[in-house]
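# Architecture at a glance
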Amino acid sequence: MVLTDKFGRVHDYVRISVTDKCSLRCVYCMPEEGLEFFPDEQVLSGNEIVQMVKNFAQMGVRKIRLTGGEPLMRHDILDIIKGISAIPEIEDIALTTNGLALPRLAEKLWNVGLKRINISLDTFDADKYRDITRGGNIRQVLKGIEAASQFPFKIKLNVVVIGGQNDNEMLDFLKYSIENPVNVRFIEFMPIGHTNIARDNEMWKHKYMGVETAFKLCDEQGWHYKPIDFAGNGPSENYQIEGAKGSFGLIHPVSCKFCESCNRLRITADGAVKSCLYWDDEENIRDSIYDFTAFSAKIQRSLDGKPENHEMALADNEKNQYKKPTWRHMSQIGG
């Protein structure tokens, strides 16, 4: 069985938000006033998540990413990963984290089958980090990166580029990719989960910056770089500076649409499937997890309604009248 949408895109990758809770309050993920988190009973259980992945495995899915919120806040996250790693068809399990719990959990995560980790780090400056995360301590995430580096994880650093806030550090992150065997991914600031569309659109446009600036910075330094193939599930275009231990990637959903090659579905923490990150379209699948026929029908129905693109680009942002942007914030979708 192969999951295919009406545009012929094959979907073999599912991102599952295992919680909407997080120990940080990043500016691009949650509103300043915070969010009311789902009650525990509204969030998918560990058994439901593992069974859901078994269903997806029968439908041709081979790659799973666990996201949040902060997935390492779940007390049963190790059991969930162990359960997924025992499914023969699943070839790749990854996790996105803020890194704060890695000093305590890195070894255990490796032992239960996790192979790849994305760690969010938008700045090397302690004050900026505290501002962006609304209170975070950068020393904790740096300890987390160090802890994960003691094991053979494939590590990526997620850097959301925000104009006027951390865009002047892109060069520092490029240097980091030269000196360290990690993939630094520059991600464009996205307009997701607006509560006041007019106000928030203005804020987003003011802070938006295209990540292709990385090329200009390399050229200014006289660094030669080339495109590379990089194993993983994401939409990044990857490059390596000559002589570098690591690499850098660009994820630009706004300035350069990547929808044509989209191969992913997203499951929210409360059990809804979203075929497109940006739009409001979703369908609850929690009541069908233990009924494969009903489950697969809902998933295919969601795919059948998947748009060709999300029309998130700057020029198109206010032109779409036939669809409504998602009400969910990034922490509730899982990115």
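Residues numbered from 1 in each chain as written. Predicted model: local features only at pLDDT ≥ 70, side-chain atom pairs only at ≥ 80, totals over all residues. Heavy atoms only, no water.

### A closer look at the sheet that holds strand β6 (residues 116-120)
- Reading across from one edge, β9-β10-β11-β8-β7-β6-β5-β4-β3-β12-β13-β14 is the order of the twelve strands in this open sheet, with mixed pairing throughout. Either end of the sheet is taken by a strand with one partner, and the two such strands are β9 (225-227) and β14 (283-284).
- Bridging between strand β7 (residues 154-161) and strand β8 (residues 183-188) involves six bridges; their strand directions are parallel. Paired with L157 across the two strands is V184, which belongs to β8.
- With respect to the sheet, helix α8 (residues 213-221) is in contact with β8, β9, β10 (237-241) and β11 (247-251), its orientation differing from that of β11 by roughly 145°. (Pairing = 2+ DSSP bridges. Helix = DSSP H or I, 4+ residues; strand = E, 2+ residues; numbered from the N terminus. Contact = heavy atoms within 4.5 Å. Axes fitted to C-alpha atoms, helices over the stretch in contact; angles between N-to-C directions.)

### Digging into the nonpolar core
- Ranked by size, the top nonpolar core spans 84 residues in total, and within it I16, F56, L66, I84 and F186 carry the most contacts.
- In terms of residue count, the dominant contributor to this core is helix α1 (residues 46-58) (six residues).
- The residues touching I84, leaving out its near neighbours within four places in the chain, are I49, V50, V53, I64, L66, I90 and I93. (Core = buried A, V, L, I, M, F, W, Y, C linked by side-chain atoms within 4.5 Å. Buried < 20%, exposed > 50% of the residue type's maximum accessible area, 1.4 Å probe, protein only.)

### Quick look at the pairing of β11
- Buried residues dominate β11, accounting for five of its five residues.
- Alternating positions in β11 separate into two faces, S247, G249 and I251 on one and F248 and L250 on the other, with burial throughout.
- Pairing between β10 and β11: three bridges, direction antiparallel. Opposite N238, over in β11, you have G249 as the bridge partner.
- Here β10 folds back onto β11 in antiparallel fashion, the turn holding five residues, of which G243 has a positive phi close to 85°.

### Considerations on the pattern of salt bridges
- Taken as a whole, this structure holds eleven salt bridges when the rule is applied.
- Measuring nitrogen to oxygen at the nearest pair gives 2.4 Å for the salt bridge that ties R301 to E283. Highlighted residues: R301 in helix α9 (residues 292-304) and E283 in strand β14, separated in sequence by 18 residues. (Salt bridge = Lys/Arg side-chain N within 4 Å of Asp/Glu carboxyl O.)

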